[in-house]
Each structure stands twice: as structure tokens, then as C-alpha cells.
Amino acid sequence: MAGTIDHVTGEQMYKLAERLFPICRSITGEGVRQTLQILQEDIPLEIREIPTGTPVFDWTIPREWNVKDAWVKDPSGQKIIDFKKNNLHLLNYSIPYRGKMALAQLKDHLYYMPEKPDLIPYRTSYYTEKWGFCLAYDQFKTLPEGAYEVLIDSSLSDGHLTYGELHIPGDLEEEFLLTTHICHPSLANDNLSGIVVLQALAKYLLSIKNRYSYRILFIPGTIGSITWLALNEGKISRIKGGLVASLLGDRAQFHFKRSRIGDSDLDRLVEYVLTNSEYPYTVMDFIPYGYDERQFCSPGINLPMGNLTRSTFGYPEYHTSADNLQFISANELEKSYLIYRAVVRHWEMNRKFVNLIPKGEPQLGKRGLYEAIGGKSDSHTIQMAILWVLNLSDGHHSMLDIAIRSGISMAQLHQVSELLISKSLLSEI
Amino acid sequence: MAGTIDHVTGEQMYKLAERLFPICRSITGEGVRQTLQILQEDIPLEIREIPTGTPVFDWTIPREWNVKDAWVKDPSGQKIIDFKKNNLHLLNYSIPYRGKMALAQLKDHLYYMPEKPDLIPYRTSYYTEKWGFCLAYDQFKTLPEGAYEVLIDSSLSDGHLTYGELHIPGDLEEEFLLTTHICHPSLANDNLSGIVVLQALAKYLLSIKNRYSYRILFIPGTIGSITWLALNEGKISRIKGGLVASLLGDRAQFHFKRSRIGDSDLDRLVEYVLTNSEYPYTVMDFIPYGYDERQFCSPGINLPMGNLTRSTFGYPEYHTSADNLQFISANELEKSYLIYRAVVRHWEMNRKFVNLIPKGEPQLGKRGLYEAIGGKSDSHTIQMAILWVLNLSDGHHSMLDIAIRSGISMAQLHQVSELLISKSLLSEI
Amino acid sequence: MAGTIDHVTGEQMYKLAERLFPICRSITGEGVRQTLQILQEDIPLEIREIPTGTPVFDWTIPREWNVKDAWVKDPSGQKIIDFKKNNLHLLNYSIPYRGKMALAQLKDHLYYMPEKPDLIPYRTSYYTEKWGFCLAYDQFKTLPEGAYEVLIDSSLSDGHLTYGELHIPGDLEEEFLLTTHICHPSLANDNLSGIVVLQALAKYLLSIKNRYSYRILFIPGTIGSITWLALNEGKISRIKGGLVASLLGDRAQFHFKRSRIGDSDLDRLVEYVLTNSEYPYTVMDFIPYGYDERQFCSPGINLPMGNLTRSTFGYPEYHTSADNLQFISANELEKSYLIYRAVVRHWEMNRKFVNLIPKGEPQLGKRGLYEAIGGKSDSHTIQMAILWVLNLSDGHHSMLDIAIRSGISMAQLHQVSELLISKSLLSEI
């Protein structure tokens, strides 16, 4: 895998996040389309449009939501809340509305956080028809009595749910699935970080020859993964592992949340990669709450897919205006990218072989695989790697199993397995 | 299960123990019949009579033993050991005897404990024909030389082995079995405590509608359980769990001795109940010694039945005249009852379900099961309970499994499962 | 097993080692034959001769190597390296050579250890045609410039590979396999210790009646075990456990290296014996490097065979002239023998039974197996052993399983099982 046209830098990822930040995304609408079109500039993403009303498992594709403008004017006529300044101000999926009302009546439509008084909260109402505005509690407290004018120039009408899909065929039809949600408006860590890391990973995977096929989904949260699963049921059995990417730009240590299965190859591999990385990390058992692993790990799907993040959801800046471009950095995005790249590299190496001369050891010397002068009391890693691969390659042990049992890195075992294949001592199953 | 005509109090249990205490019980005889008749006053116990000579597995129902009187008179003609004062004085199952003899000869028939000089031991000789008396070592030491007169007005003749059985049918034919021994004479903790707690539990189970059927056996130790098993082989496979009740009136912490299987649903459930109780407890692995779990856990029977006690056998007062009504209390009997009741309540709740919409999450919002405003970072227990039950209800996970994995109580999960059944999202298997 | 004509003493083992020490052994040749003939004086060993060129799995029986003399003379004509003084001086399997050369040219053929300057290393070149001499670095440094004369009067020609095999039939066709290598020249711990301990064990096993059959192999390392396996494939499935014996004369604690299987009966039994011995020990997982367990545990053979040693290979004296008769002692050889004997004794005891009266407990009293007076609160080990054996003898639990679960020694359980067999309560499966 040397000499590939890797290197997406952290700066490139950060610049993409800066460009995507102002766009007002939701689970449907033009913001999602614009976002995907920008991603298409670098990778051959296919953009799928699923019509409103399409049944997807227990759900139905909702009407498409778009916003032209939204604001609140105070009794003096001043625009005090303005969607164009920060799209978090508008309750996401607000129905269209125009009207004038007293403060008391307006208050029923205002969302704020007394415990974080200087931050605008991020709120949504996808499946209940409402309108509303979000604002800092510090601002809320200063609102004078009087008549307020409200405009929400949004539309909620038949259209499409839009998502992006990139399939990178490999030698095998079996797939590794990578997904991230694309439904959050101006939030940097919770959303953009996952998008830019997966775009970088897509570029890496497109630049090399892979054993596995890879599928990368840029989808709205919940409804998006349910939609993909419902429309692609025939492909689900091909997916042998995967990760839901999110929260990858902040400074927290890595957090890996295991799949529902808990001890699948994916689970053990990601833990192996983290253990052997230079970074601190925490591994957590599956819980049925979080990102789209909820859908991929629902009991009728039950894929070996985990969620690999930096922070976990619920950090202080989560779903507030503080989750902005200052909260993430090029440096941290790059670290996250490197760990994701390490996961797919190790996934590629995690093969199972059979020793073709399984009775007794093969005579390594006659194949140039043994040090010429025997009897020396020191043994070398490469020699041990040969012996471990031959001894445990019985069709049941993966390279990960052998790495864990031997203490020799998967990379070294991989090298040795290539050597043993070339000497006709090993064969993949 | 609210609104049931529970509350048997500890005082009621203690009063019953007081009434039963003076009766001379053994593995057969009138004492057992009297005891069961007293229990019949409150619960519809069926009294079974199995004739002497009936073969039961490797054993045979012995002759029935009854005692009218028994005493020893010293050389001065004074009655110094008197069965009527304490039935422990007579070696249980002593053959009839009348005679006069020197002290040296009498001593071959006396049982005492030099290490507990002020207590009368409890001794039996069911299957070897003997006669004898038990007395305090302090008394034994003072016996003067001379001729002693001995009377044992007992009978050992063809009759019956008697036990009590209560079957409480539930929705399922599958049973939970509760047993206690009834063969001890005036001993309070070792025997009466188990009898009064199971009688209270019977009253509770009779007062409510149960999913499982319950069977409660009041039986003589060893021969009684062997008899029931031998005569009811066809019913054994219905028993899905059970407890042998004994030693439930003293102040020791709870001790749960696992079944021979060790990790059955019963074992895990009792441990769960104890862990979530307010009381200290110890869990012990099965050993083939103790109470009737020895029979229920013999290799050819191997039922998931444990033994849940306060003290374990062998405590200082065990099988002595110190195991009397002062050794037990209403308060401790009540605690024991509450734990037994908790076990059957949780046993009832320990069901397995299948999620009827297993692919992706069902849309909770449209069923009124989701908080209306999304995006809030705090999740509530009820919401998590819904997600856990839906996620793990794949037919393989019991409510106990889900409780252990989620950290949410079985009671809360039970509530949620009823809610999900009502919304057609869940079905019992 | 009392009263057997055991006692091989440590002194006898040490004396045998002294006698075998000077012989120049290799993987073939007269040294091996002489060694086996000396062993034949005490045990009816069969000596097998396998012709050069015979294919054995991936290997071929090599040409036979024999040496008459070998030396190096310095420029002054003095014999400074002499095979007859220490056979380690000659690179084992050196081809014949006679010549004169400058020091620089000679140096290409000299082996020494700067890090252990006073010791002669042990080196071999079985499968690459070479000649060479081994010497202490202290001597190497003093070699003057000038012309050296070299003689290696060895022969490398068609002949045989020789090994010794002793089959001791028992009641069962199933076998326990014991092997040691016999290919090392004058090295005491690494080789002779294994030979003399297995010879002692053979004498013990020949002196008693055994349930299992035993097979003891005295074979050249690697090629010897591969040869035996290749020529006896039909017998491999009879082998239910075994040990590779080596490094048994030094003062280190015991080291048990598990089989590749890791939790076989053999693995658990050896650990049990060590745990219950008076000696300190370490248990190590299998690695595919070491002695002939490499072959017996190759993936296509995968026998439950471990390696039980004192030191592990790679100790400071390993493969040097310091591994001599002073490095081992009679006392340590005897300890090693006792542990090996304990392993086979426990192996013999590790049977599986079925309780013939599995439903409820059998009535022990009528068979004289129960203390006459019941109700006593102390239980005795023998009584508990009876109950444990009856309770767990369901065809699935071995005596080792019962010993571990009950905490009662296998020896006591063995006694009790014989008693229960005599009472028709137990039957072997």
C-alpha cells in the first residue's frame, strides 16, 4: 500500500468544513443537495433522490423542507432574531408562518437554555408540525413587552429526501460500510467533522486497489439510514463490517462504541487498532441510543457496525452554537482521519489462511526461510511470525487472532503471509 | 400486581411458628399430620399419604413412627429426662423400649455435646433400629451410678409417609416449585421458619393471577423429596425453576446457594433480586450437601433449583435446643418473605419478546412514544427503556438479560413492555 | 499403586547422564545408536532405523553423519582445537574437510560468542553443507596469524536416522505419549536430563499395570518427531495426551507450556498436578517455538501435548559448554521425575463415570456408606467425596473436573470411586 496518492491534510479537511459550515442543512432540502454537490467536486458521489411519501420500513419519506428567510422583529421593528445571521435560530423544519403577536404568545415558540445562557440551542421538529425560534437565554431575558412581527418564509411540500452514495468496488463483493449524517445546519463537530473525514477517506480508498468493496453513505440521520436499508435490503448481507463516523474534530480522546454484536471482527479490529495507536481511547459497549448505529444495529439488521468518535454526544457544546468552527481543528481532523485509515488498512489485512503443509512444520530451510546456522538461542520476530502464521493458519484463525495471540503486529504478519503465499505454503480461504 | 390482598405480617408468621413449635415431627407420623392440618386452615393444601413399603427410586417408604411417651428415671426414681418436656430428648425414630439398666449400659444410648454443654442435641436414627436419649452434657456429667429405668412408648409400624402439596395453576402449565421440609421436631429456624414463610407465600400467590403455575411442597427431608420425584416423574419437566426454603427466621444475611446448573435463569434471577434488594447477601456455588436441593439437583433430575436461606446449616445453634423460638423473630421472617415474594414477582416478569418492527427503529413519534421536540441532549430512563426493549427483543434476550445489560430495573422494563405490546410493537414468544 | 518397584533414585539418573555425556550425538549416526543401546540395558526399547532418502511429510531423511576425528593445528603445528577433548568444538554435521589456510580464511569457519567469552557455543548445520569449528572467544582472540591445518574426518553418506521407541500396552488402546530429543552432543540439561527422566519413568510404567497404553520416544529433535508422525499416522488418533520432556536437571522452578489446544484434559491435568505439588511453577501459553511440541502441535496434527521443563530454553548456559554435568544434579532430576510420575498417576485416575442411581441420592445407609447416626453437623471429607462423585458422575465430568469443583483431591475421589464401583453405584463410561 506504499506509494499511494494519500495525503489529504488536516488543513484541506478543515477548509472543506469552513465552506460547508454556513449551509442550512436538514433531513431534506436544498442544503443537503448543495453539500453533496460540493463533495462531488472531489469524489464521484452518486446523489439519490427519494420522493416524499415513499414508505421505508415503518417510516415514510417526509415532505421536503426549504427556507428562504426567517426573522423576528421586536416592537420597535428591529430584526432581533435573523436566520440569515445564524441558521440555528430557526427551529429546524418550522412550518411557514407570518404574523404579529404579543411577547407572551411569541414565548410559546421560543427555545433557549437557561443553563447555557449565551448559546443558541439547536432544535428540530421533523414529524410534528410546529414553528419556532431558538435564541440565547441572555437575549431572551431582554425581550421587551409589545407586539412582535414574525416571518418564516419556509416551504414544506412534496419533494425528495436526498443522500449521497459512493460505492468503491474491490476484489470481493463483500463490503465495508462507512456512514455519516449530513442533516445538521451550522454545527461543526456534530456533522461537518464526519463529512470531511469520510470524504478524505473516500479519496484514499479511491486511490488504491482494495480487497473489500467499500460503500460510503452521506445521509440524513435516522430517516436516511432507514431509507438506505429499506431500499437496499438485498445488499445488507454483503456488509461484513462498518463504522458510523461522527464527532471527529474536537480534542477529546477516541471513543469506540461497539456494535450490538459486541465481539464481531469489526469490534475486535477497531479495538486492536486503537490499542496499537499512539492515542488514548475508551471502548464502550453498545447502547441503543446515539447515531445511526441505532438503525444498523436494530435487531432485524444487526450489522457489525460501531461508532468511532472523539467526544461522545452530550458534550457541553453539543447541539449549541458553540459547536462551531473554533471548536474543531485541522490537527484533530487529521488524527481522526489517520485512525479511520488505519482501521480500513487493518480490515484489508485481516484475512484467514490455511497452511498447505499442516502436518509437522514445513522445512523452511530448503525454501530459504530459515537462518542458515541453527542452534542460535535468539529468535527473530520475522522467524516467529512465520511460525505463528503457519501454526495458526488452520482456516479458523484470522490475522487479527494471530496478532493478538502472538503479540506480533498485523502488519508484520501480513508481510510474512505474502512471503508464505509466494512459497506455496499458505493459501487464502 | 398492585392491589392484591397481600399483607401477611411477620407477626402472623411468628404466631404460626409458636403454634407449631411443640409438635413432635419426624419423617412420618402424627406430628406431620397435625402440622399439615394446621396449615390447611389457611391454604387448600392437599395431604398425601404414601403407604409404608412403597418403593421410591432407590428408597422404600419406612414404617411410620409415633411416640406416646418417653423418659429416663434415675436410681432414686426421679424422671430426669422427659420427652414431654422437650421432644429433642428422644432420639428421633427410637424403637419402643422398656427396661432397667446400670449407668454404664445406659450411656451407650445417650447423646450429648461436650463442646456445647448446656444444649440438648437433635439426633435421628431413621434407617438403623436404635433407641436413645439426647441431653445436655452438663446434665450428663451429674448422672449418679445406679440402676436407671427407661421407657420409650413409641411405635414403629406399617402406616404412611405424609406430605402436603399445593398446586396453584397459572396461565402456563410450566411450574415454579417451592419446597420446605417438615420433619424436624421442636426446632424453630431449622424447619418452622421455612414452613411459615412458604405458607405466607402460598397465600400471596393464591391472592393474585399468575403467569406460571406454582407448586408448593411441605415434605419430610430427603425421603419426602425423593418420594415426590418418584411419584411425579411425568411432572418434573414442567418445572422451570424453584427454591428450597429453609433457615429463614434468624438475623444472618441472605445466602443463596446456586443450583447444580449454576447459571440457569433461576440462578441469575435470584442473584439479580438480591443484588437489587436492600439486604446484604452471599451467593455460593452448588455443593451436593445441604437440604432437599440435593435431590432436586441429583444428576438424573438436575432441576434449576437453589436454596435460599439466611444462615447456612451448621450455625452454632443448628440442630440443638438453642434453635428455639427466641432464635427467630417476626421481623426477620418478614424480610425473608419479602425476598421470596420479590423472587416470584421477578420470575413472573422474566419474559422474552420479539420486536415486531425489527428493521430499523419503529417511528415512535407517530405512536406518541417519543418526546415531541427532538435534539434535546438529555434522555430519560423511560425513553431508554423503550429503546433497550425494542433493540434486544429478538427472541433470545429475556427481560433479565435486558435489565442486566441496560442497567434499567426489570420493573421499569416490564412497564415499558406492556406499553409496547399495547402499541403492537412487541409480542411474547 | 502402592508396593510397586518404584524407586529410581536421582543418583541413578545422574550416573546414567554421566555415562551418556561424552558421546557425540547428532540427528543421525553412531552416537545416537550408542545412546539408545545404553538405554536398552534397562528397558526393552526398540531401535528403529529409517533409511536416508525416506520422505517424511515435507522432509527427507538426511544422510547419516559420523565423525572419527577433527582438529585445528596452529602455525606452530600445535592442536589447538580438538573434537576429542570436547565434541562441541565441531560444527555439528560438518562435512569432511582437510586443508591448510591462513587465519583470515579459517575465521570464516569459526563460531564463538563475544558476550560469553569463556564458553564454547553449540552450533549445527544439518541442512546446509558447511564445515566449521566452535571455540571460546577468549581463545579466538589469541589466535596468531599464519597457516593453520584443519582436519575433519567425518562422513556424510547414505545410512539411517535412528530412534528408540517403547510401547507399554495398558488396558486401553488409547495412549499417552512421552518424548525427548536425543540429538545433542555433550550437553547435560538440554538433552540428557530429558533422556534419563524418561528412562526412569519407563521403568516405573513397566513395573505397574496401567489403564492407558504408554509410548515413549527417544528421537532426534524436529526430524525425529516428523519422522515418527509421518510413519505412524494411523496411530496419531490414539494419542489422548502427552508431554515433551526436556531441561529437567537444573534448579529452576517448573515451567509448563500448554498445548496449542490450551484447555485440553492434558493441559488442565498438568496444571492441577503442579498446583497441588510442593514446588513453585509457571504455566505458559503455547508458542510455536521450542522443542518437539512444535511438531506434535502443528495444525494438521494438533495433539494435546505440552512441554514440561525446569528452565525454559534460552537460559544463560543454554547451547554452550556450560550446560555440563555440573549444571544438573541428582536432586533436581529426582524432583522432575516425581512430577512426571505424578502426571501419569493422575492421568490414570482421570476417568469419567456414570452414577447408576442418578435420580435422587442412592440410599447410602443400606450399603454401609453413611454414618449411622444422622443429624451431626460436621461432615467428613469421605462423605463429601461420595456425594460429589455421585452428583457429578453424569458422563460429562471427569475426576479432574470433580476435584477442581469440590476441592477434594483426585486421589481421595479415586478411592471413593473404587468404593462406589464395588457397591454397584458407579460405572465407567
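What you are looking at is a predicted structure, and each value in this text was computed from that prediction instead of being measured.

### Topic: the relation of the copies chain C and chain A
(1) Moving on: Expressed as a screw operation, the relation of chain C to chain A combines 0.1 Å of axial shift with a rotation of 120°, fitting to an RMSD of 0.1 Å. On this basis, the relationship between the two copies can be described by a three-fold rotation axis. For chain C, the minimum C-alpha distance to the rotation axis belongs to C:D263 and amounts to 12 Å.

### Some points on the side chain of A:S94
All names here are of chain A.
(1) Moving on: As for its position among the elements, S94 is in the loop between β5 (79-82) and β6 (97-102).
(2) Moving on: On the basis of relative accessibility, which here comes to 0%, the residue S94 falls in the buried class.
(3) Moving on: Of note is the side chain of S94, whose polar atom sits 3.1 Å from the backbone nitrogen of G132.
(4) Moving on: In this view, S94 contacts W65, K130, W131, G132, I152 and S154; residues no more than four positions away in its chain are not counted.

### A short note on the sheet that holds strand β18 (residues 394-398) of chain A
Residues and elements named next belong to chain A.
(1) Moving on: With antiparallel pairing, three strands are arranged side by side in an open sheet as β18-β17-β19. Of all the strands in the sheet, the pair left with one neighbour each is β18 and β19 (426-428). When strand polarity is set aside, the average angle formed by the axes of neighbouring strands in this sheet is 35°.
(2) Moving on: Pairing of strand β17 (residues 352-355) with β19 involves three bridges; the strand directions are antiparallel.

### Here's the deal with the interface of chain B and chain C
In many analyses, interface size is given as the accessible surface area lost on bringing the parts together.
(1) Moving on: With 28 residues of chain B in contact, the opposing surface of chain C contributes 27 residues.
(2) Moving on: Contact between chain B and chain C buries roughly 2400 Å² in total, counting both sides, with carbon and sulfur atoms accounting for 52%.
(3) Moving on: For C:R367, the salt bridge goes to B:D58, with nearest N and O atoms at 2.7 Å.
(4) Moving on: At the surface where chain B touches chain C, the tally comes to 14 residue pairs in polar contact (both at pLDDT 80 or more).
(5) Moving on: Of all the elements in the fold, those that place two or more residues in the side of chain B that touches chain C are β3 (59-60) and α8 (293-296) of chain B.
(6) Moving on: Taken together, the residues of the side of chain B that touches chain C sort by class into 14 nonpolar, eight polar and six charged.

### Regarding the interface of chain C and chain A
(1) Moving on: Listed as interface residues are 28 residues of chain C and, on the opposing side, 27 residues of chain A.
(2) Moving on: Interface area for chain C against chain A, summed over the two sides, is near 2400 Å², with a carbon-plus-sulfur share of 52%.
(3) Moving on: Our count for the chain C to chain A interface comes out at five salt bridges.
(4) Moving on: Two residues, C:D58 and A:K366, come together in a salt bridge whose shortest N-O distance is 3.6 Å.
(5) Moving on: Here chain C is connected to chain A by 14 residue pairs in polar contact (both at pLDDT 80 or more).
(6) Moving on: Contributions of two or more residues to the side of chain C that touches chain A are made by β3 (59-60) and α8 (293-296) of chain C.
(7) Moving on: Of the residues in the side of chain C that touches chain A, the class split is 14 nonpolar, eight polar and six charged.

### Description of the domain arrangement of chain A
All names here are of chain A.
(1) Moving on: Along its sequence, chain A is organised into domain 1 (10-62 + 160-349), domain 2 (64-157) and domain 3 (352-428).
(2) Moving on: Each of domain 1 and domain 3 has a C-alpha centre, and these two points are 36 Å apart.
(3) Moving on: Counting residues at the interface gives seven residues for domain 1, matched by 11 residues for domain 3.
(4) Moving on: Taking both partners together, domain 1 and domain 3 bury about 770 Å²; carbon and sulfur atoms supply 62% of that area.
(5) Moving on: Taken together, domain 1 and domain 3 are joined by two salt bridges.
(6) Moving on: Linking D401 and R268 is a salt bridge whose minimum nitrogen-to-oxygen distance equals 2.6 Å.
(7) Moving on: There are three residue pairs in polar contact (both at pLDDT 80 or more) connecting domain 1 and domain 3.
(8) Moving on: When residues of the side of domain 1 that touches domain 3 are traced back to their parent elements, those giving at least two are α7 (265-275) and α9 (330-349).
(9) Moving on: Tallied by class, the residues present in the side of domain 1 that touches domain 3 amount to three nonpolar, one polar and three charged.

### Things to note about the packing of helix α1 (residues 10-20) of chain B against helix α9 (residues 330-349) of chain B
The description of two packed helices rests on the angle between their axes and on the distance between the axes.
All names here are of chain B.
(1) Moving on: At a minimum axis distance of 8 Å, the contact between α1 and α9 shows a crossing angle of 110°. One way to sum up the angle between α1 and α9 is to call them roughly perpendicular. α9 is crossed by α1, and the crossing has right-handed handedness. For the pair α1 and α9, the contacting residues are G10, E11, M13 and Y14 in the first and A330, L333, E334 and Y337 in the second.

### Examining unusual backbone geometry
(1) Moving on: Its identity is not glycine, yet B:T222 carries a phi of approximately 60°, on the positive side.
(2) Moving on: Relative to the elements of secondary structure, B:T222 occurs in the loop between β12 (213-219) and α6 (223-231).
(3) Moving on: Phi is positive for C:H319, close to 60°, though the residue is something other than glycine.
(4) Moving on: Relative to the elements of secondary structure, C:H319 occurs in the loop between β16 (305-309) and α9 (330-349).
(5) Moving on: Residue classification places C:H319 among the buried residues on the basis of a relative accessible area of 7%.

### Some remarks on the packing of aromatic side chains
Residue and element names in this part refer to chain B.
(1) Moving on: Scanning the model with the defined rule gives 54 aromatic pairs over all chains in all.
(2) Moving on: Measuring from centroid to centroid gives 6.4 Å for W131 and F133, while their planes differ by 75°, and the two rings are edge-to-face. Neither W131 nor F133 differs from the other in exposure class; each is buried.
(3) Moving on: Between Y289 and F313 the ring centres are 5.4 Å apart and the planes differ by 65°, which places this aromatic pair in the edge-to-face class. Of this pair, Y289 sits in the loop between β15 (281-284) and α8 while F313 sits in the loop between β16 (305-309) and α9, and the two are 24 residues apart along the sequence.

### Some points on α9(B)
(1) Moving on: A rise of 1.5 Å per residue sets the reference length of α9(B), with its 20 residues, at 28 Å; its end C-alpha atoms lie 29 Å apart and thus fit the reference within 8%.
(2) Moving on: Across the 20 residues of α9(B), 15 count as buried, placing the element largely inside the fold.

### Some thoughts on the state of the cysteines
(1) Moving on: Inspection of every chain in the model, using the stated rule, returns zero disulfides over all chains.
(2) Moving on: The thiol sulfur of A:C183 is not disulfide-bonded, and the nearest other cysteine sulfur, from A:C24, lies at 11 Å.

### Focus: the pattern of salt bridges
Residue and element names in this part refer to chain A.
(1) Moving on: In the structure shown here, the tally under the stated rule is 90 salt bridges over all chains.
(2) Moving on: Ionic pairing is found between E332 and K335, a salt bridge with its closest N-O pair at 3.4 Å. Placement of the pair is E332 and K335 together in helix α9, with a separation of three residues, close to one helical turn.
(3) Moving on: Residue K335 is classed as partly exposed on the basis of its relative accessible area, which comes to 23%.
(4) Moving on: Taken together, the salt bridges that share partners define one network made up of E46, R48, E165, E173, E175, R215 and R238.

### A closer look at the pairing of strand β5 (residues 79-82) of chain B
Residues and elements named next belong to chain B.
(1) Moving on: Relative to β5, strand β4 (residues 64-73) is paired through three bridges, and the arrangement is antiparallel. From the neighbouring strand, K73 faces β5, where its bridge partner is K79.
(2) Moving on: Hairpin connection from β4 to β5: five residues lie between these consecutive antiparallel strands, with G77 at a positive phi of about 90°.

### Focus on helix α10 (residues 381-392) of chain A
(1) Moving on: Helix length check: α10(A) (12 residues) gives 16 Å between terminal C-alpha atoms against 16 Å at 1.5 Å per residue, within 8%.
(2) Moving on: Those residues of α10(A) that sit buried are A:Q383, A:M384, A:A385, A:I386, A:L387, A:W388, A:V389, A:L390, A:N391 and A:L392.
(3) Moving on: Against β17, β18, α11 (399-406), α12 (410-422) and β19 of chain A together with α8 of chain C lie the buried residues of α10(A).

### Topic: the environment of A:P316
Residue and element names in this part refer to chain A.
(1) Moving on: Along the chain, P316 falls in the loop between β16 (305-309) and α9.
(2) Moving on: Given the relative accessible area of 55%, P316 is considered exposed.
(3) Moving on: When the C-alpha positions of P316 and K116 are compared, they lie 8.9 Å apart, and in sequence the two are 200 residues distant.

### Remarks on the sheet that holds strand β10 (residues 160-168) of chain A
Residue and element names in this part refer to chain A.
(1) Moving on: If you trace the eight strands from one edge of the open sheet to the other, you get β1-β10-β12-β11-β13-β16-β14-β15, paired in mixed fashion. The sheet is open, and its two edges are formed by β1 (46-51) and β15 (281-284), each paired on a single side. Going across the sheet, the axis of each strand differs from the next one's by a mean of 20°, ignoring polarity.
(2) Moving on: Judged from the six bridges that link them, β1 and β10 form a sheet pairing that is antiparallel. Looking at the pairing, I47 lines up with G164 of β10.
(3) Moving on: Lying over the sheet, helix α5 (residues 188-207) contacts β10, β11 (175-181), β12 (213-219) and β13 (239-245), oriented at roughly 150° with respect to β11.
(4) Moving on: Sitting on the sheet, α7 touches β11, β13, β14 (254-257), β15 and β16, and the angle it makes with β14 is about 165°.

Basis of the calculations
Residues numbered from 1 in each chain as written. Chains lettered and ligands numbered in written order. Predicted model: local features only at pLDDT ≥ 70, side-chain atom pairs only at ≥ 80, totals over all residues. Heavy atoms only, no water. Least-squares fit on C-alpha atoms with pLDDT ≥ 70 in both. Helix = DSSP H or I, 4+ residues; strand = E, 2+ residues; numbered from the N terminus. Buried < 20%, exposed > 50% of the residue type's maximum accessible area, 1.4 Å probe, protein only. Polar contact = N/O pair within 3.5 Å; in protein donor to acceptor, adjacent residues only side chain to side chain. Contact = heavy atoms within 4.5 Å. Pairing = 2+ DSSP bridges. Axes fitted to C-alpha atoms, helices over the stretch in contact; angles between N-to-C directions. Buried area = accessible area lost by both parts, 1.4 Å probe. Salt bridge = Lys/Arg side-chain N within 4 Å of Asp/Glu carboxyl O. Nonpolar A, V, L, I, M, F, W, Y, C, P; charged D, E, K, R; others polar. Domains from an automatic or database assignment. Parallel < 35°, antiparallel > 145°, perpendicular 65-115°, else oblique. Left-handed = near helix turned anticlockwise from the far one by under 90°. Phe/Tyr/Trp six-rings, centres within 6.5 Å; stacked < 30°, edge-to-face > 60°. Expected span 1.5 Å × (residues − 1). Disulfide = S-S within 2.5 Å.

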